[in-house]
Amino acid sequence: MTVTPTGPEAVSPTALRRVSAASLGVFLTSWALCWVQAYVVNDDLPNTCGDLHRQSFPPEVACVSADGTLTGANAGWIEALFFTSLVVFVLFASMVLALATVRRK
């Protein structure tokens, strides 16, 4: 006969794990989109641009015009999604690890 736990032991961190995994998936997808934009779509940009702007996190290769406009830069929403999903992943993964540590004691 199995006894089901009651109280704090009954709460399962599966929702935290799901949010953590989903945010990791969004982070990796947005990183892949930025990488493709920088190194596949804008592959020939360094050959045609005089003033090149490179960024490594998130990956970006853009051409800076004389008036200050950027050509080939990542969209603002994708960078916001990139950093937001990274922060959410770190926070929720930390909570899952802390909860697992507390439950082991």
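Structural data are supplied above this passage.
Below or above, wherever it landed, is the structure these notes cover. Note that the structure is predicted; figures quoted are calculated from it, not measured.

### Description of the overall build of the protein
Then, number 1: Scanning the protein for helices and strands turns up 3 helices and 3 strands.
Then, number 2: Each helix and strand of the protein, placed in order from N terminus to C terminus, yields the pattern α-α-β-β-β-α.
Then, number 3: When contacts within the protein are restricted to residue pairs at least 6 apart in sequence, those whose partners lie at least 24 apart make up 53%.

### A few points about a nonpolar patch on the surface
Then, number 1: Residues Trp 31, Trp 35, Val 36, Tyr 39, Val 40 and Val 41 make up a contiguous nonpolar surface patch of about 540 Å² in total accessible area.
Then, number 2: Structurally, the position occupied by Trp 31 is in helix 1 (residues 14–41).

### Overview of the sheet that holds strand 1 (residues 52–56)
Then, number 1: Reading across from one edge, 1-2-3 is the order of the 3 strands in this open sheet, with antiparallel pairing throughout. Looking at strand neighbours, the two that pair on one side only are strand 1 and strand 3 (70–71), the edges of this open sheet.
Then, number 2: As defined by bridge partners, strand 1 adjoins strand 2 (residues 59–64) across 5 bridges and the pair is classed as antiparallel. Bridging from a neighbouring strand, His 53 pairs with Ala 62 of strand 2.
Then, number 3: Lying on the sheet, helix 1 is in contact with strand 1 and strand 2; it crosses strand 2 at an angle near 40°.

### Structural notes on the packing of aromatic side chains
Then, number 1: Within the structure shown, the criterion is met by 5 aromatic pairs.
Then, number 2: With 5.9 Å between their ring centres and 70° between their planes, Phe 57 and Phe 83 make a pair best called edge-to-face. Of the two residues, Phe 57 sits in the loop between strand 1 and strand 2 while Phe 83 sits in helix 3 (residues 76–104), which places them 26 residues apart along the sequence.
Then, number 3: Judged by relative accessible area, Phe 57 falls into the partly exposed class, the value being 44%.
Then, number 4: Aromatic ring contacts, followed pair by pair, group Phe 27, Phe 57, Phe 82 and Phe 83 into a single cluster.

### A look at unusual backbone geometry
Then, number 1: Note the cis peptide between Phe 57 and Pro 58, where omega equals -10°.
Then, number 2: Structurally, Pro 58 is set in the loop between strand 1 and strand 2.

### Digging into the pairing of strand 2
Then, number 1: Extensive coverage of strand 2 is indicated by the burial of 5 of its 6 residues.
Then, number 2: Pairing between strand 2 and strand 3: 2 bridges, direction antiparallel. By the bridge assignment, Val 64 is partnered in strand 3 with Leu 70.
Then, number 3: Taking the residues between adjacent antiparallel strands as the criterion, strand 2 and strand 3 are bridged by 5 residues, where Gly 68 takes a positive phi near 95°.

### A look at the nonpolar core
Then, number 1: Judged by nonpolar contacts, Ala 38, Leu 45, Cys 49, Val 61 and Cys 63 together constitute the single largest core of 5 residues.
Then, number 2: Excluding residues that lie within four positions of it along the chain, Ala 38 makes contacts with Asp 43, Pro 59, Glu 60 and Val 61.

So, how was this worked out
- Residues numbered from 1 in each chain as written.
- Predicted model: local features only at pLDDT ≥ 70, side-chain atom pairs only at ≥ 80, totals over all residues.
- Heavy atoms only, no water.
- Helix = DSSP H or I, 4+ residues; strand = E, 2+ residues; numbered from the N terminus.
- Contact = heavy atoms within 4.5 Å.
- Patch = residues over 30% accessible without salt bridge, like charges linked within 9 Å, V, L, I, M, F, W, Y side chains within 5 Å.
- Areas by Shrake-Rupley, 256 points an atom, 1.4 Å probe, with all protein chains shown as cover.
- Salt bridge = Lys/Arg side-chain N within 4 Å of Asp/Glu carboxyl O.
- Pairing = 2+ DSSP bridges.
- Axes fitted to C-alpha atoms, helices over the stretch in contact; angles between N-to-C directions.
- Phe/Tyr/Trp six-rings, centres within 6.5 Å; stacked < 30°, edge-to-face > 60°.
- Buried < 20%, exposed > 50% of the residue type's maximum accessible area, 1.4 Å probe, protein only.
- Core = buried A, V, L, I, M, F, W, Y, C linked by side-chain atoms within 4.5 Å.

Any link to function would need more than the numbers given here.
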